[in-house]
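Analysis of the macromolecular model
Each chain, letter by letter, is given below.
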Amino acid sequence: MEQNVLAEHKAVYLTAEDLRVAASIIYNAYHDDPFFIEALATTNQASYEQKLRAAIREELTELWQQEQPLIGWFDGDRLIGVACVITHQVPLGESRYWHWRLKMLLGTGWNSTQALIKKEHSILESLPSKQYGILQFIALTPNEQSKGNGAKLIEAVLSWCDEQPDLDGIGVFVNNPKHAELFAREGFNHLSELSIGSVDGEILIYPSK
């Protein structure tokens, strides 16, 4: 039954018109993520949510403008999942473009922007080579989880990765054991433990074929 349902799904690159829905899906998926809770630290819940929306919006906009792969998982015409990759073709971490820094600073504040840069720098330093991409976001709408969609979305990302001649592979920072198990089942390998601030996690990598 699951195979029949998933056969109706498809992975395609997002268009500009999809970005608003994609941002909403990512926001809901990362709302309680320990890293963002710490990086966007505030005692006001409304302020936290505003900063999280801004961080996701600015990152999606940057990825789109830099023509990075934004992969959507669709059920018919309905976007239900999204995966965002950033590659070595874009300056990352401490080398981020000034316009990204400015927009992120205005949306999230100085400390939060620095925390985002530090996270990216830490991941980059952990990867086997500079030719690795980073899986920035991967998310599904809540009612489409536990149906095999997550695995299929990861498979779409890895299929894309295998087709990139200048990419050695892709890495992701994971701080949820259940998510780590899913990535491992789909072909990711444990590379190293990594703590970002007070958030403990691990770097998983997929070497491209």
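Here's a quick rundown of the structure. (Residues numbered from 1 in each chain as written. Predicted model: local features only at pLDDT ≥ 70, side-chain atom pairs only at ≥ 80, totals over all residues. Heavy atoms only, no water.)

1. What about the overall build of the protein chain?
A count of helices and strands for the protein chain gives eight helices and seven strands. Scaling as 2.2 N^0.38, a compact globule of 209 residues should have a C-alpha radius of gyration of about 17 Å, and the protein chain matches this with 16 Å. Projected onto its principal axes, the C-alpha coordinates of the protein chain cover approximately 50 × 35 × 30 Å. In the protein chain, which comprises 209 residues, the share counted as buried stands at 48%. Roughly 10700 Å² of accessible area belongs to the protein chain as shown, and the carbon and sulfur atoms make up 49% of that amount. Taken as two groups, the 17 positive and 28 negative side-chain charges of the protein chain have centres that lie 4 Å from each other. (Helix = DSSP H or I, 4+ residues; strand = E, 2+ residues; numbered from the N terminus. Rg over C-alpha atoms; globule rule 2.2 N^0.38 Å. Buried < 20%, exposed > 50% of the residue type's maximum accessible area, 1.4 Å probe, protein only. Areas by Shrake-Rupley, 256 points an atom, 1.4 Å probe, with all protein chains shown as cover. Lys, Arg positive; Asp, Glu negative; His and termini not counted. Charge placed at Lys NZ, Arg CZ, Asp CG, Glu CD.)

2. Comments concerning the environment of S47
Among the structural elements, S47 can be located in helix α4 (residues 45–65). The exposure class assigned to S47 is partly exposed, which follows from its relative accessible area of 24%. When the C-alpha atoms of S47 and T108 are compared, they prove to be 9.3 Å apart, with 61 residues separating the residues in sequence.

3. Examining helix α6 (residues 110–126)
Compared with an ideal rise of 1.5 Å per residue, which puts 17 residues at 24 Å, α6 spans 25 Å between its outermost C-alpha atoms and is within 8% of the ideal. When α6 is considered as a whole, its buried residues turn out to be S112, T113, L116, I117, K119, E120, S122 and I123. (Expected span 1.5 Å × (residues − 1).)

4. Quick look at helix α2 (residues 19–30)
With twelve residues, α2 extends 16 Å from end C-alpha to end C-alpha; this agrees with the ideal 16 Å at 1.5 Å per step. The complete set of buried residues in α2 reads L19, A22, I25, I26, Y27 and Y30. Against α3 (34–39), α4, β2 (70–75), β3 (78–86) and β4 (132–140) lie the buried residues of α2. (Contact = heavy atoms within 4.5 Å.)

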